Amino acid sequence: MCGIIGYIGRRQAGPILLEGLKRLEYRGYDSAGVCVLSSNGNLSIVRVLGKIAKLEERLKAGLPNGTAGLGHSRWATHGRPSEENAHPHTDCSGELVLVHNGIIENYLELKEELIRRGHVFRSETDTEVLAHLFEEELRRLQTSDFSAKGGSVSGGKLQTSDFRLQTSDKAVLAAVNRVTKKLRGAYAIVIAAKRWGRQIVGIRKDCPLVIGCADGESFLASDVPALLPFTKKVIFMNDNEAAVLREGRAPRLYTTTGKPVHRAPQDVPWDPLMAEKGGFKHFMHKEIHEGPRSFEDTLRARTYEENLTSLLAEIGLTPQSAADISRIQFLACGTAHHAGMVGEYLFEKWAGLAAKADIASEFRYSARNLQPGTLVIAVSQSGETADTLAAVRMAKSCKGVLTAGIVNQIGSTLTRETGGTLYTRCGPEIGVASTKAYLAQLAAIYLLALAFGKARGSISSREFRSLTEELLELPHKLRVVLAGLERPVTELAREFQDSKGFLYLGRHVLYPIALEGALKLKEISYIHAEGYAAGEMKHGPIALIDREMPVFVFNPKGCGLYEKMRSNIEEARARGGRILAVITKGDAKMSRMAYRVMEIPSASHEFFEPVLCVAAAQLFAYHMANLKGLDVDQPRNLAKSVTVE
Ligand code: F6R
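Residues numbered from 1 in each chain as written. Predicted model: local features only at pLDDT ≥ 70, side-chain atom pairs only at ≥ 80, totals over all residues. Heavy atoms only, no water.

1. Side note on the pairing of strand E17 (residues 354-359)
Here is step 1 of the chain: In this structure, strand E16 (residues 327-332) lies alongside E17, joined through six bridges in parallel fashion. In the strand pairing of E17, Phe-330 is matched with Ala-357.
Here is step 2 of the chain: A crossover connection joins E16 to the parallel E17 through helix H12 (residues 334-350); in handedness this β-α-β unit is right-handed. (Pairing = 2+ DSSP bridges. Helix = DSSP H or I, 4+ residues; strand = E, 2+ residues; numbered from the N terminus. Right-handed = clockwise from strand over helix to strand, strands pointing away.)

Quick look at the structure:
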């Protein structure tokens, strides 16, 4: 997603900030900006819509000298890509400047309060509230009673108009403590203030922030690659920590409540390319591990019952108009279509609505006359898939049909063609095979199915609350799955890397996961794989099974058709098929049945099992392709965004 770089030292900051931002370009962005702090305390901000090269061009026209500063590349989440929304952001008086990655969940509430207190906003971002909140804290310090010199940090009680004290770590942390207490969400923030003099401050919660240490100079960055041209000595910040960086002094680390933290710098042995991939060999592998985060970010601030109206407003509906919808039609291609297929089950069960997922390339040429009252939900990572766009246009020609999108790329064509967009928040996906985007699409579909269920009265407030609580636990469980399966799945891939074909079987909500598992394997390892609804086996594909046809099955215990699935697996086993089974940890019956198992925790609700099961399939496909030495991130014949028919 967005990239951050901060610098303080003896060298000119401008070129360092630009170099750092260039090292983060691979993450994708739509706008960028820097601020240089000059020695006389001026803050000079330059921002552009577009590429770093454009920013560089603008800076050539003249950037004030200064040996400290901060920079940012933005990938829009709140507010369209534009110069006004680009970072750095500043407060009303231009007293301070900051950049931010992450999402401030309660920014609307905070913004309303700040506006009531007279603040004027210049952007549509959630970030800007941070600038105004810090402005208030700095003003409070300046105007408050001089007598309490050296006041305590906790509770932000430090009160002084003494300049030396105002620039002390204590004063900085008092402001940090008071502001962060008001925030809900995820953030990595780098901030500089005229009143703080020559120092920059980094704050982290749930978003990466790394300190770079060098002789007489220090850096802050969202990612190691931005630091590698300058230093390999880094300190990884933890959640709820703040770092105070000053020229000529080693960075100081604290908790956001002001307690000193002692953590020695460590050497990162990565080369620049490895660093871009976060230490992973391939982007796809990194992105599989970003699945939990992408799921979590997509849910952020959208699961509360009181936010139901604003969630539905994202797709252009109200609770009333949602209640009036009579049918759901998903349209999508490939992996996104498999997300829509999971949606069929969720909408039917939770919202009591007939729901169908169609492949856009088929739908666009069908003679389907959608009924009035149908809501078309187009699912797309890129928002530019030609067939999905054409299918949506075709659907719009049917009378009384409403359209919405679940899209990752802000401002993409699909977002302009539908009545509203629920954005997934997984950041740019670089590997051609979709992994973290799929998790985010599932998260968005869970949100909508629950919101429709609530709006239509088919689930109670109690059910809504308990389901959303379980939903919010999934990212943690997904992390457990990824950590636990990495090694066994690598071994499994080693054992099966020469197999010529695979069958993937699932039932009910895990049928789309069988399709997705097979698709992942095909597209990156070039091994033929067939995804099937396990109940269909007897009607043909069972003839394929022998010892040379491994059968990859999904049968966690929570699954509604667990026993039925076991019978299907037994049938495959009886024909010599070696069963590779994704099962609930400790399920002895399934363990006895399977040739090899991949154990996952219970998802607590059968409808949430797809989230955990798909991670096993993604990892397996990845390791198969990696062991074969294939170009995992750019498989042959494939493009990331299919903009032609
Ligand atoms: C598979 C994959 C593709 C895409 C499909 C739709 O890993 O990435 O199947 O899911 O091309 O793309 P979007 O989501 O951009 O519409």
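Here the narrative resumes.
2. Things to note about the packing of helix H16 (residues 436-455) against helix H17 (residues 461-496)
Here is step 1 of the chain: At a minimum axis separation of 10 Å, H16 and H17 run at an interaxial angle of 170°. Overall, the two elements H16 and H17 adopt an arrangement that is roughly antiparallel. Two secondary-structure elements touch here, H16 through Leu-439, Tyr-446, Leu-450, Ala-451 and Lys-454 and H17 through Ser-461, Phe-464, Leu-467, Thr-468, Leu-471 and Leu-478.
Here is step 2 of the chain: For the contact of H16 with H17, the residue count by class is eight nonpolar, two polar and one charged. (Axes fitted to C-alpha atoms, helices over the stretch in contact; angles between N-to-C directions. Parallel < 35°, antiparallel > 145°, perpendicular 65-115°, else oblique. Contact = heavy atoms within 4.5 Å. Nonpolar A, V, L, I, M, F, W, Y, C, P; charged D, E, K, R; others polar.)

3. Some thoughts on the site of the ligand
Here is step 1 of the chain: Taken together, the neighbourhood of the ligand is formed by 13 residues, with Ser-380, Gln-381, Ser-382, Thr-385 and Glu-523 sitting nearest.
Here is step 2 of the chain: Within the contact set of the ligand, an oxygen atom lies 2.6 Å away from a side-chain nitrogen or oxygen of Ser-382.
Here is step 3 of the chain: Glu-523 places a side-chain nitrogen or oxygen 2.5 Å from an oxygen atom of the ligand.
Here is step 4 of the chain: Here the ligand loses 90% of its free accessible area of 400 Å² to cover by the protein chains. (Near = heavy atom within 4 Å. Polar contact = N/O pair within 3.5 Å; in protein donor to acceptor, adjacent residues only side chain to side chain. Areas by Shrake-Rupley, 256 points an atom, 1.4 Å probe, with all protein chains shown as cover.)

4. Regarding the packing of aromatic side chains
For any pair of aromatic rings, the description rests on two quantities: the centre-to-centre distance and the angle between the ring planes.
Here is step 1 of the chain: All chains considered together, the criterion is met by 18 aromatic pairs.
Here is step 2 of the chain: Ring centres of Trp-350 and Tyr-446 lie 6.3 Å apart, and the angle between their planes is 50°; this geometry places the pair in the tilted category. Of the two residues, Trp-350 sits in helix H12 while Tyr-446 sits in helix H16, which places them 96 residues apart along the sequence.
Here is step 3 of the chain: Between Phe-552 and Phe-620, the ring centres sit 5.2 Å apart and the planes meet at 50°, which makes this aromatic pair tilted. In this pair, Phe-552 is assigned in strand E23 (residues 551-554) and Phe-620 in helix H21 (residues 609-627), connecting sequence segments 68 residues apart.
Here is step 4 of the chain: With a relative accessible area of 0%, Phe-552 lands in the buried category.
Here is step 5 of the chain: Three or more aromatic residues joined by ring pairs make a cluster, and in this case those are Phe-496, Phe-502, Tyr-504, Phe-552, Phe-554, Tyr-595 and Phe-620.
Here is step 6 of the chain: Above the face of the Tyr-595 ring, Arg-578 is positioned so that its terminal group lies 5.4 Å from the ring centre.
Here is step 7 of the chain: In this structure, Arg-596 is placed above the aromatic ring of Tyr-595, and the distance from its NZ or CZ to the ring centre is 4.4 Å. (Phe/Tyr/Trp six-rings, centres within 6.5 Å; stacked < 30°, edge-to-face > 60°. Buried < 20%, exposed > 50% of the residue type's maximum accessible area, 1.4 Å probe, protein only. Lys NZ or Arg CZ within 6 Å of the ring centre and 35° of its normal.)

5. Overview of the packing of helix H9 (residues 291-299) against H16
Here is step 1 of the chain: Interaxial distance between H9 and H16 falls to 8 Å at its minimum, and their mutual angle equals 30°. It follows from the interaxial angle that H9 and H16 lie roughly parallel. The interaxial crossing formed by H9 with H16 has right-handed handedness. Residues Gly-291, Ser-294, Phe-295, Thr-298 and Leu-299 of H9 form the contact with H16, whose own contacting residues are Lys-436, Leu-439, Ala-440, Leu-442, Ala-443, Ala-444, Tyr-446 and Leu-447. (Left-handed = near helix turned anticlockwise from the far one by under 90°.)

6. Things to note about the sheet that holds E23
Here is step 1 of the chain: Taken in spatial order, the five strands line up as E22-E21-E23-E24-E25 in an open sheet, and their pairing is parallel. What marks the edges here is a single partner per strand, and that holds for strand E22 (528-533) and strand E25 (596-600). In this sheet, adjacent strand axes meet at a mean angle of 20° when their direction is disregarded.
Here is step 2 of the chain: In the sheet, strand E21 (residues 501-506) pairs with E23 via three bridges, with the strands oriented parallel. By the bridge assignment, Leu-505 is partnered in E23 with Val-553.

7. Notes on the domain arrangement of the chain
Here is step 1 of the chain: We note that the domain assignment places domain 1 (3-276), domain 2 (280-459) and domain 3 (482-645) within the chain.
Here is step 2 of the chain: A C-alpha centroid distance of 45 Å is found between domain 1 and domain 3. (Domains from an automatic or database assignment.)

8. A closer look at the pattern of salt bridges
Two side chains with opposite charge may pair up if their charged atoms get near one another.
Here is step 1 of the chain: By the definition in use, this model includes 43 salt bridges.
Here is step 2 of the chain: The salt bridge partner of Glu-57 is Lys-60, with a shortest N-O separation of 3.5 Å. Separated by three residues within a single helix, Glu-57 and Lys-60 lie in helix H2 (residues 52-60), roughly one turn from each other.
Here is step 3 of the chain: What makes Lys-60 exposed here is its relative accessible area of 62%.
Here is step 4 of the chain: When the shortest N-O distance is used, the salt bridge between Glu-136 and Arg-117 registers 2.8 Å. (Salt bridge = Lys/Arg side-chain N within 4 Å of Asp/Glu carboxyl O.)

9. Overview of the environment of Gln-409
Here is step 1 of the chain: Structurally, Gln-409 can be placed in the loop between strand E19 (402-407) and helix H15 (413-417).
Here is step 2 of the chain: Considered as a pair, Gln-409 and Glu-429 are 20 residues apart in the sequence and their alpha carbons are 9.8 Å apart.
Here is step 3 of the chain: Residues in contact with Gln-409, not counting those within four places in the same chain, are Trp-75, Gln-381, Ser-382, Thr-415 and Tyr-423.

10. Side note on the nonpolar core
Generally speaking, nonpolar side chains in soluble globular proteins are found buried as a group.
Here is step 1 of the chain: Grouped together as the largest cluster of nonpolar side chains are 115 residues, with contacts concentrated most on Phe-347, Phe-452 and Phe-620.
Here is step 2 of the chain: Counting residues per element, this core draws most heavily on H16, which supplies 14 residues.
Here is step 3 of the chain: Here this core spans two domains, since at least three of its residues come from each of domain 2 (280-459) and domain 3 (482-645).
Here is step 4 of the chain: Leaving out residues up to four positions away in the same chain, Phe-452 has contacts with Leu-312, Ile-315, Leu-317, Ala-322, Ile-325, Ile-328, Phe-347, Ala-351, Leu-353 and Leu-375. (Core = buried A, V, L, I, M, F, W, Y, C linked by side-chain atoms within 4.5 Å.)

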